[in-house]
Amino acid sequence: MSASTDTAPSGTSAPPPPPPAPPALTPRELGRWAWRQLTSMRTALILLFLLALAAVPGSIIPQRNIDAVAVGRWQESHPRLTPVYDKLGLFSVYDSVWFSAIYILLMISLVGCILPRVRTYWRGFRARPPKAPRNLARLPESRSLALDEEPSAVLERAGEALRRRRYRVDIGEDSVAAERGYLREAGNLLFHVSLLVVLVGFAVGGLFGYTGSVIVVRGQGFSNSLSQYDDFKPGTFFGPDDLKPFNINIDDFRVKFLRSGQQAGMPTDFSADVTYSEQPGQPERTQKLAVNHPLELDGGSVFLVGHGYAPLVTVRDGDGNVAYKGPAIFLPQDSTFESFGVVKVPDAMPEQLGFEGLFLPTYGFTMRTGPFSRFPDALNPVMSLLAYHGDLGLDDGKPQSVYELDKSGVEAFKRKDGRPLRVDIAVGQTKTLPDGSSIRFDGVQRWVKLQISDKPAKGVALGGVLLAITGLLASLFIRPRRAWVRVRREGGRTLVELAGLDRSSGGNLADEIDELETQIQQQATPQKEKP
Amino acid sequence: MTPADFASFSNNAIAFASVVYALAFLSHIAEWAFGRSLPAEAPARTTRSAAQPVAAGVSAGGAASYDAAAGAGVSEGAVDRDGNDLEAKAYNVEKFGRIGVALTIVAALLHLAGLVTRGLGADPARVPWGNMYEFSVAGAFGVTLMYLVLLRKYSLRWLGVFVTGFAVVVLMLAVLLLYVPAGPLVPALHSYWLVIHVVAAVIGAGAFAVGAMASGLYLVKSRAERRADAPTTGYVARLPEASVLDRVAYRVHAFGFPIWTFAALVAGPIWAEYAWGRYWGWDPKEVWAFITWVVYAAYLHARATAGWKGKGAAIIALVGFGTVLFNFVGINLFGSGLHSYSGLG
């Protein structure tokens, strides 16, 4: 600015010429500048804040890879926000471009920060302590005292005391220079490098692993192939052929609920007995599967993550033939295990039948709430269903959920007053529908939800975190420190000056210099012999 | 004693602990009230006074820099402008300060007894942190414990009024709003990682709480130090120097951070791997534990960055403790996710 006013010719009305543009940065300079900006501590701080901020929405908005059902429910109730959120990737924050961008930038910044420091550290690691400054009294902590001994003896003792304190010591002619705490920076560097290791482990697990879940009714089995899964999320580099062909059969499942007290209904224990074989034809083994006790197999671990009810029903069509017989999986809606589900009967003649409604493990009813479940255990199970007839839409090839009824082609059975017919049946009861078909509630079976997952490089991630903590401890608690002692003869006595300098904040230098002073003062006393 | 006896003993012990904490709080209030017109210690030997008890003949209850003030800053027979005897005031300050610390120790013992019997009161006996009530009681104990452990080392008595106040508020809220009778654990908590993970989290969070108090007071004190007309008496004037507060805050945070790292990023993931089949799944609780970790990492970096030192770092520390609280209260009560053990239905 000042340059342009200087060059403006004075006394003329002509407008001053535009200030000369600064010389354009060469791409090399620009790159250098950008790199310096990116690797500065200030940028790292801002990126850390951004990372913290960016993680927040994922804890508030339902996430697809955590609870897809919740995402669906949220989207239904926010039709206008959904497309916007979808565009922004807010339903899968932690895979989104912007979240990845932040942590990748942070990692680059980290690498850029530590690479030069590693180089500096490598050179500094073998360095000798710096020579004593001229004026020790100017340092943050300094003392001086006078002794009667020879200077060399004092220096020797000071050096010894400093060595015992694990200083690196150089004894000169009239001074001692000492430094310690070289490992602090090593810890710091180790911590930051370890974070990269953790990230690599995490990424490998995500790319080469998979997670899937499946609901298996008690007494039935599961074999590890893609078609068997209800839900399957492979990593980018994981193909369905990589699945190991193990088999699991759910032989038994037990659950206990607290029967009384304020927390009645809380589950206290659930576990399943399973029989498995790692490969078809290999010997079968049995194991108890429970929360915190997974089954670890080659190519995946099996976890018991949930359970619920599968009422057994028999549906006869209008012609009197059995059109459906077996368990129907109902999904629990809350902690009372009030469960929602459907029974689809595509084989019923003349029209297909469908049922949709609730399974209540312990039936309760009030006029205000209608039917509800009093208790999560199956003490008095009742099904409360609406019955539909028509076309279930299963034949046109469109995929549909087994837990929902496509109602576009079906019509509810009506009561005489025109309201939809509700079928409430207890175990053993049969209800006949207006078209002559019937549904019977035969009994209750339970199902378990298994999660099967494989995350390679778990050990890498864990090892990385442990190394990071080791480095962190070193970088937080090792105090790099310098100390100097200088002696000179004056008036027949030895004048001793000592001083210290903390190279990290938070230290307690005064104590150390005090102790050093005491040790220098002490006359060399013979070592006490151990008894 | 039967489990039911233990459970009712626990309830009584926690109630008594709250009362004793309240008395300790009042005692610290009295300490500061008597010190209101006492001049603050002359800022001599400040580099030493923070971390090393000044030899002022003080043996119990932590020698603080103002302990020295009680003797050093007041010359014999000094009288303030209203004609009150400053020496008597200094004596009262010291007396109530020590009573406060003693009561805090008694309250902490009752608190501990309440926690232990709470575990024995469940059938079968278990660790006393399985629901929100117990997390709150255990968390408040973590804060008190951290304070008492560091009291001597860092001369923390100026924190007493905040620590005891915090304990009273948390215990009251726990008893009034969060209480559930002692009962068995939900199956997801049947694991020894419950001990490792939760103990580490409680200690880490306790350190962060004490650190946040120190950082908050640092902000107040450094503001007062910048003012030319800052009062020379009263609580703020009698606090240690801002640089000392900053150092104490840093040390407490530096102690808490590795423990938090272990709790949130080692013990938590290992347990999650056993319980849920994935070591990290961005569950809301995990997200906020991660956010807390990142914010405190930023705090440690900020202390080493020009322009962020001091005030900036202290504010980041307060934000960090805010995320701890939100994770504990917000996510447990209003959030969904896998860590839903509040026991409040």
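Residues numbered from 1 in each chain as written. Chains lettered and ligands numbered in written order. Predicted model: local features only at pLDDT ≥ 70, side-chain atom pairs only at ≥ 80, totals over all residues.

Trainee: How would you summarise the overall build of chain B if you had to cite specific residues and measurements?
Mentor: In terms of regular secondary structure, chain B is built from 11 helices and 0 strands. Secondary structure of chain B in N-to-C order comes out as α-α-α-α-α-α-α-α-α-α-α. A total of 345 residues make up chain B; the buried ones form 57% of that total. For chain B, the share of sequence-separated contacts (at least 6 apart) that also reach a separation of at least 24 residues comes to 79%. (Helix = DSSP H or I, 4+ residues; strand = E, 2+ residues; numbered from the N terminus. Buried ≥ 20, exposed ≤ 12 C-beta atoms within 10 Å, placed from the backbone. Contact = placed C-beta atoms within 7 Å.)

Trainee: Describe the nonpolar core, with residues and values.
Mentor: The biggest cluster of nonpolar side chains holds 176 residues, and the ones touching the most others in it are L48(A), L171(B), V210(B), A214(B) and V294(B). In terms of residue count, helix α9 (residues 242-276) of chain B provides more of this core than any other element does, 20 residues in total. Judged by nonpolar contacts, the second largest core, of 25 residues, contains L136(A), W484(A), V496(A) and L509(A). (Core = buried A, V, L, I, M, F, W, Y, C linked by C-beta atoms within 7 Å.)

Trainee: Talk me through the interface of chain A and chain B; I want residue IDs and the actual numbers.
Mentor: With 48 residues of chain A at the contact, the number on the chain B side is 46 residues. Every element with two or more residues in the side of chain A that touches chain B is listed here: α3 (41-55), α4 (57-60), β8 (267-277), β11 (300-316), β22 (438-454), α10 (458-477) and α11 (509-521) of chain A. Per-element tally for the side of chain A that touches chain B: the top contributor is α3(A), with 9 residues. For the side of chain A that touches chain B, the residue count by class is 27 nonpolar, 16 polar and 5 charged. (Nonpolar A, V, L, I, M, F, W, Y, C, P; charged D, E, K, R; others polar.)

Trainee: A description of unusual backbone geometry should follow, citing residues and the corresponding values.
Mentor: Look at the link from M349(A) to P350(A): it is a cis peptide, with omega at 0°. Here P350(A) shows up in the loop between β14 (339-345) and β15 (352-360). Positive phi, normally seen in glycine, also occurs at F337(A), with a value near 60°. Structurally, F337(A) can be placed in the loop between β13 (331-332) and β14. One non-glycine residue, W282(B), adopts positive backbone phi at about 55°. Note on placement: W282(B) falls in the loop between α9 and α10 (284-302). The class of W282(B) is buried, set by 20 C-beta atoms lying within 10 Å.

Trainee: Provide a residue-level description of the confidence of the model for chain A, including the pertinent values.
Mentor: Residue and element names in this part refer to chain A. Overall, the predicted model of chain A reaches an average pLDDT of 86, with 94% of residues at or above 70. When the elements of chain A are averaged for pLDDT, helix α1 (residues 2-7) gives the smallest value, 38, and α10 the largest, 93. Predicted confidence is poor over residues 1-12, with pLDDT under 50, and the contacts of this stretch with residues over four places away or in other chains come to 5 contacts. Low confidence marks residues 524-531, where pLDDT is under 50. Its contacts with residues over four positions away, or in another chain, come to 1 contact. (pLDDT = per-residue confidence, 0-100.)

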